[in-house]
Structure formats: structure tokens, C-alpha cells
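Residues per chain, in single letters:
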Amino acid sequence: MSNQQTITRAFKDHFSKTPHFVIRAPGRVNLIGEHTDYNDGFVLPMAIDRAIWIALGARNDRQVRLRSLHFDALTEFSLDEITHKPGWGEYIRGVAWALQEAGYRLAGWEGVMTSDIPIGAGLSSSAAVEMAAAKAFSLVGGWGFDPPAMAQIGQRAENQWVGANTGIMDQMISAAGRAGHALLIDCRDLSTQQIPLPTENVFVVMDTATRHAHTDSGYNERREECEAAARFLGVSHLRDVDLPTFRDRAGGMGEGIRRRARHVITENARVLEAVEALRQGDSPKMGRLMDASHASLRDDFEVTNRELNVMVELSQNQPGCFGARMTGGGFGGSAVALVEEARAKEFTQAVDEAYQAATGLDPHLYVCRASNGVETMARSTTTS
Ligand code: ADP
Ligand code: MG
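No experiment lies behind these values; they were computed from the predicted model shown.

1. Looking at the sheet that holds strand 8 (residues 201–207)
- As summarised here, the arrangement of the four strands in space is 9-10-8-11, forming an open sheet in which the pairing is antiparallel. Strands with a single pairing partner mark the edges of an open sheet, and in this sheet they are strand 9 (321–327) and strand 11 (364–368). Shown here is a sheet whose adjacent strand axes are inclined to one another by a mean of 20 degrees, direction ignored.
- Sheet topology note: the strand 9/strand 10 (residues 334–340) ladder contains six bridges and is antiparallel. Looking at strand 10, one finds that Gly323 is bridged to Leu338.

Below, the structure written as C-alpha cells:
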């Protein structure tokens, strides 16, 4: 059964009627541009063919009731009194709260949610939940879904309601992705460009089976270090510094902060080079940029762990692999490799085996294709 059939059937089982809407909101993999988002820089994610699915029906009151099939649990709250309740429902409450704070008119709904995005694997299931929820509120409320505005709502929910200090990228790509394309996002003004991807290659996401904790002190520490570096360099964000300027001004900077800044500054440049490489269909160049990104994240930004390094090195040694890097916040989670489609199967088998042998862990490898951002897959005006 497809996800759409599963979620539609689950809705019927729970509510004995047809859903008004079926929504799909994808996870994402960032191809290059890591830890640049909160530095007002560039990122290049793609929406993947794994998603959160919600089937829902409008209610006549101001209650929201959503069942997660994954957690086999219900979250329920009134739009007139949104309070904190620990658990996955915080993402839904947070989106409702942020929307109301921003002046959107909300109405109640009930639904079920399923997903094939692994949680905490670096594929941003949380942003997909947020964008699916925002889409649900827009459909039930009868107002338009503006991707950048909704991405900001999701970020606000995650930052201020859930309490996770994340950037805007994950929500933006889940809101605005397009099949066959990566999305260049300028995190300063949220302007975007769709970048066509080579059709004969795939991106393989490789979950190391090690996990980050998103309230992890490591992430917040890196943000603070970047802010300190920007202050030292006399700019509001590291985005405003290019490599020659950095070399001129970095004298006297502490060694740790200097390496953090160097990562961000070189990574921003690599994203723009990657865009050119993809536009020219130059996968070998794209691969080399991914390799360089990983080295920078490992040596300068220090957000890899042993398993990510093992996964990336194993990948880079496989035939048909153009390049590989960790992806996501780091400290565990996933890596991503650019691989010839014709060799994707042998690639995943070889990496899977070699990784198990090297680490004793059971990895998960996903061959991903670029999909659309959040979309309404079905709608019905009559419920019976
Ligand atoms: P990720 O890297 O996958 O975004 P996070 O820790 O940021 O990891 O977010 C994961 C959280 O998102 C889960 O703990 C849960 O609260 C919520 N979530 C993800 N998928 C689902 C789901 N299928 N049902 C309910 N909540 C989900
Ligand atoms: Mg997340």
C-alpha cells in the first residue's frame, strides 16, 4: 500500500468518513552548505521522496486532534488555549501558536499522521511535521500557503515553542522543494533558486545509526562560536566576510573560533561553486566540493563523529561515487553521497557491508530522488 492509501485508510478507520485533505510534506537532505544557515549564508538542500503524511477533516469547533501512527498516540488541544505538553505534539502546538501570534485565522481539525522519514537521522522529520501542520491550518483556515512565510512560522515554532535552536533551511526546502531540483537558499533574505539536478545520478543518504540530540550543547556552542567570530570580524554575520578579508583580519583571533569561521566562509563559497557545477552537469566537480565540505566539517568545524567519517571514507572509495560528506547538524545522523544511478545498488550494498564490518552498527541507506515540497495530494468537499 502506498503512504497515501495507508493514511487515507487510517483516517477512515478512526473517523468513519473520508478525509477533506491528504497532505504530504517531505524530509530533506542538504547537498552542501552545512552550518551556514544561521550565519546568513547559502545552503543547497533537496526535498526527498520520504515524507510526513497527514489526512484530515475540518471540525466545527476550535479543537485540534491528531494521531501519530508512528507513536500510536493522540495530541489534542484547543486553539483558544494552547499550552505545552511534552512530546511530539509540541511541533503541532508550536505551529498553531506561531501562526496565531502572526495573525493567521485558525480553525479546528482532526487527522492522522504517518511518515517514512526516519527520526533524528538528519533528514529533518521535525520540519516536515511543521510544514505538514502549517499546510493543514492553511487548508482548513482557507488562506494561502506562502512557502517563505510558512518556513518562518515553522522555525519560530521549533525555536521558541519546542526550544530547539535551528535555522530556516529545513522548513524552507520542505515548503518550497521541486522534483528534479535542489534549492539554493540565501538564508539572509530567503530568496531561492531552483537548481536542476543531473538525471543520471542519485543522492544516497546514509544513516550511520548514531544519533544527535537536537538540544545538544554542541550545536548551540557552534552557533555561539560563529557569533563570536562575526563580532571579532566586525560584521553582523559570517556571510559578510569573504576568504581574502578573513585572512587579512583573522590575526589575533583565537584558534578555535578562527577555524569555525574558516569553515563557514569556505563553505559558503563551495555552495556557490556547487550551483555552477550542477548547472553545467559537472558531477565530478560537485563530488569534489562535497569531499572538501566534509573535510572542513571534520577538521575546522569539528561536528563529525567517527561513524560519519568512516561512512564518508568508505563511500568515497566506491566505484561510481563522485563524492560524499556528512549532512545535517552533525554529531551523528547521516552522510550523503553523489552516485551514478546505474551503480547505486552495488554502492549501497558495498557501503552497508563495509560500514557494518568497521563499526558493528547497522546502517540504513536510502537512494533519494528530488521531490516536491509540501503538497495537497487529495481533497474532497464531501465527507461521508
Ligand atoms: P530530525 O532530525 O528527524 O528532525 P528532531 O529530533 O529534530 O529529528 O525531530 C524529531 C521529532 O519530530 C520527533 O521526536 C517527533 O517529536 C517529531 N516527529 C517526527 N516524525 C514524527 C511522526 N511520524 N509522528 C509524530 N511526530 C514525529
Ligand atoms: Mg529536526
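2. Some thoughts on the packing of helix 9 (residues 283–299) against helix 10 (residues 306–316)
- Where helix 9 contacts helix 10, the two axes come as close as 12 Å, and the packing angle between them is 160 degrees. Compared by their axis directions, helix 9 and helix 10 come out roughly antiparallel. Relative to helix 10, the crossing made by helix 9 is left-handed. Contacts between helix 9 and helix 10 pair Asp291, His294 and Arg298 from the former with Leu308, Asn309, Val312, Glu313 and Gln316 from the latter.
- A class-by-class count of the residues in the contact of helix 9 with helix 10 yields two nonpolar, three polar and three charged.

3. Describing the domain arrangement of the chain
- Segmentation of the chain into domains returns domain 1 (3–194 + 371–379) and domain 2 (197–368).
- Taken over both partners, the interface formed by domain 1 and domain 2 buries close to 3,500 Å², and the fraction arising from carbon and sulfur atoms is 60%.
- Our count for the contact surface shared by domain 1 and domain 2 stands at three salt bridges.
- One salt bridge connects Glu34 with Arg325, and the closest N-O pair in it is separated by 2.7 Å.

4. Some points on the environment of Lys12
- Within the fold, Lys12 resides in helix 1 (residues 3–15).
- Residue Lys12 is classed as partly exposed on the basis of its relative accessible area, which comes to 41%.
- In contact with Lys12, not counting residues within four places along its chain, are Lys17 and Thr18.

5. Some thoughts on the site of ligand 1
- Close to ligand 1 lie 18 residues; Ser68, Trp88, Gly120, Ser125 and Ser126 are nearest.
- Here Ser68 contributes a side-chain N or O atom positioned 2.8 Å from a nitrogen atom of ligand 1.
- Ser125 places a polar side-chain atom, nitrogen or oxygen, 2.6 Å from an oxygen atom of ligand 1.
- Those elements that provide at least two residues to the shell around ligand 1 are strand 5 (109–115) and helix 3 (125–141).
- No other element matches the three residues that helix 3 contributes to the shell around ligand 1.
- A class-by-class count of the residues in the shell around ligand 1 yields eight nonpolar, 10 polar and no charged.

6. Quick word on helix 10
- Within helix 10, eight of the 11 residues are buried, which leaves it mostly tucked inside the rest of the structure.
- Against strand 8, helix 9, strand 9, strand 10 and helix 11 (344–359) lie the buried residues of helix 10.

7. Points about the environment of Arg65
- Following the sequence through the fold, Arg65 ends up in strand 3 (residues 63–68).
- When the C-alpha atoms of Arg65 and Ala96 are compared, they prove to be 12 Å apart, with 31 residues separating the residues in sequence.
- Setting aside anything within four residues of it in sequence, one finds Arg65 in contact with Phe15, Arg59, Leu74, Thr75, Glu76, Trp109, Glu110 and Gly111.
- Looking at Arg65, its side chain comes within polar contact range of the side chain of Glu76, at 3.0 Å.

Thresholds applied
- Residues numbered from 1 in each chain as written.
- Chains lettered and ligands numbered in written order.
- Predicted model: local features only at pLDDT ≥ 70, side-chain atom pairs only at ≥ 80, totals over all residues.
- Heavy atoms only, no water.
- Pairing = 2+ DSSP bridges.
- Helix = DSSP H or I, 4+ residues; strand = E, 2+ residues; numbered from the N terminus.
- Axes fitted to C-alpha atoms, helices over the stretch in contact; angles between N-to-C directions.
- Parallel < 35°, antiparallel > 145°, perpendicular 65-115°, else oblique.
- Left-handed = near helix turned anticlockwise from the far one by under 90°.
- Contact = heavy atoms within 4.5 Å.
- Nonpolar A, V, L, I, M, F, W, Y, C, P; charged D, E, K, R; others polar.
- Domains from an automatic or database assignment.
- Buried area = accessible area lost by both parts, 1.4 Å probe.
- Salt bridge = Lys/Arg side-chain N within 4 Å of Asp/Glu carboxyl O.
- Buried < 20%, exposed > 50% of the residue type's maximum accessible area, 1.4 Å probe, protein only.
- Near = heavy atom within 4 Å.
- Polar contact = N/O pair within 3.5 Å; in protein donor to acceptor, adjacent residues only side chain to side chain.

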